[in-house]
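Descriptive analysis of the structure
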Amino acid sequence: MKRLVWSELDADARSASLRRPAQTDVTDRAATVARLIAQVRADGDATLRALTRRYDGCELDELAVSDAEFAAADACVAPPLRDAIAQARERIALFHRAGAPVDVRVETAPGVICERVLRPLQRVGLYVPAGTAPLPSTVLMLAVPAQLAGCADVVLCTPANAKGECDPVVLYTARLCGVTRVFKLGGAQAIAAMAYGTASVPRCDKLFGPGNAWVTEAKRQVANDPAGAAIDLPAGPSEVLVIADAQADAAFVAADLLSQAEHGSDSQAVLLSPSRTLLDAVAVALEEQLQTLPRAEFARAALAHSRLVEVADLAEALDISNDYAPEHLILNVADARALLSGVFNAGSVFLGAWSPEAVGDYCSGTNHVLPTYGYARAWSGVSVASFVKLITVQELSPDGLRAIGPCARTLAAAEQLHAHERAVALRLARLEATA
């Protein structure tokens, strides 16, 4: 990891030092994805089979996972893993249920009732990558809040291997969460199928889930098409920013940095610390831990554009972090909670030495589908609220219209929207005539 001293950098150098890894071939990728989407829309299942043959190397007779395949997957999952999945599911459900939005009813003036009612999205599409590693945890993070929201129809796409089989743990977790409509599809073509529908794959109202650059681009394109589907949030490669003081354990810090770096070569890990001694120790610990890391190749590639940054103090570190807006923020300092009030831009925050980012990825109860690439400045992670619509309602009695009608008339007249003003005036006149 590159070493930097923040005080020695000018404004341009500071900006460049924390720039995310550049997304390569963006124009070509966008054009290719647009063609894939057009092909899926035109030829449906035939295109899905052809693209699966080309990119996943397997022939599919049926796109949907069968009951027999679900049963076979169940038999593959060892009891300790079943127990871990069940525990994680319970904690995720507990937290997400507690944070779910609720109906609201307020009398804003005598006789004027304003409400907000919740309605679940009718059909949602969940994308669970396979790539270099299966992600059953993503099934939990998406399916549990969808279930709590009451979505009537939940569709899931996940890539098949060369034998035409989906990861058994992903299938087991999906069925545990009530998801039985699973399709053996990955990449941009899976996003296109769920956004527009085919003979086999139903069209979905909103799409959820992380993915590679191709999946991200496909989500962007279908979200920008009125005939497409909404998406959960914009995202890029995974990332972590750690703020650590001199008391932090260098081995812990290094492990947290590597836990994000191992996701892939385009991930990024940043450490900010006022302690040069800690930065030195972390650099040594990183190299030591890399020696025994099975995914060291991915981690080393990510560390090439990651940073160890010496800052003046923790206040400066917070300023840098808020500007960077990390997906994951770890505050490994003596009094972590004291810094929390100064955090404004982050997807998820981990307080103290005993809160590794990995628990948030799996089983603490929060969600790991989070805004990345700086989108945490304006976006939140996935929650039950992501799976519902908030519909406002108003109901006025005659006295209620008498109370606020003149206000509406005045404002409508100021905007020169005379039909608006008349819609109120006619009713007030009728009330006056019948009084």
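Read on for an overview of the structure.

About the cut-offs
Residues numbered from 1 in each chain as written. Predicted model: local features only at pLDDT ≥ 70, side-chain atom pairs only at ≥ 80, totals over all residues. Heavy atoms only, no water. Helix = DSSP H or I, 4+ residues; strand = E, 2+ residues; numbered from the N terminus. Buried < 20%, exposed > 50% of the residue type's maximum accessible area, 1.4 Å probe, protein only. Contact = heavy atoms within 4.5 Å. Pairing = 2+ DSSP bridges. Axes fitted to C-alpha atoms, helices over the stretch in contact; angles between N-to-C directions. Phe/Tyr/Trp six-rings, centres within 6.5 Å; stacked < 30°, edge-to-face > 60°. Polar contact = N/O pair within 3.5 Å; in protein donor to acceptor, adjacent residues only side chain to side chain.

**As for the side chain of N322**
With respect to the helices and strands, N322 occurs in helix α13 (residues 314-324). For N322, a relative accessible area of 12% gives the class buried. Aside from chain neighbours lying at most four places away, what touches N322 is G342, V343, F344 and N345.

**Points about the sheet that holds strand β3 (residues 112-120)**
As a general point, the strands of a sheet are linked pairwise by backbone hydrogen bonds and lie either parallel or antiparallel. Taking strand neighbours across the sheet as the criterion, the three strands line up as β2-β3-β14 in an open arrangement whose pairing is antiparallel. Only two strands of the sheet have a single partner each, and these edge strands are β2 (104-109) and β14 (388-396). Within the sheet, the average angular offset between the axes of one strand and its neighbour, ignoring direction, is 20 degrees. Alignment of β2 against β3, held across five bridges, turns out to be antiparallel.

**Here's the deal with the sheet that holds strand β13 (residues 348-351)**
The six strands are arranged β1-β11-β10-β9-β12-β13 in an open sheet whose pairing can be described as parallel. Since the sheet does not close on itself, it has two edges, and those belong to β1 (2-5) and β13, each with one partner. Recorded for the sheet is a direction-independent mean angle of 15 degrees between the axes of neighbouring strands. The sheet contact formed by β1 and strand β11 (residues 307-310) spans four bridges and is parallel.

**Remarks on the packing of aromatic side chains**
Each aromatic ring pair is characterised by the separation of its centres together with the angle its planes make. Applying the stated criterion across every chain, the model contains two aromatic pairs. Ring centres of F208 and F387 lie 3.9 Å apart, and the angle between their planes is 10 degrees; this geometry places the pair in the stacked category. With F208 in strand β7 (residues 206-208) and F387 in the loop between α15 (357-362) and β14, the pair connects residues that are 179 residues apart, well separated along the chain. An angle of 70 degrees between the planes, with centres 5.4 Å apart, marks the rings of F252 and W354 as edge-to-face.

**A short note on the environment of D10**
Along the chain, the position of D10 falls in the loop between β1 and α1 (11-17). A relative accessible area of 49% means that D10 is categorised as partly exposed. A polar contact is formed between the side chain of D10 and the backbone nitrogen of D12, at a distance of 3.3 Å.

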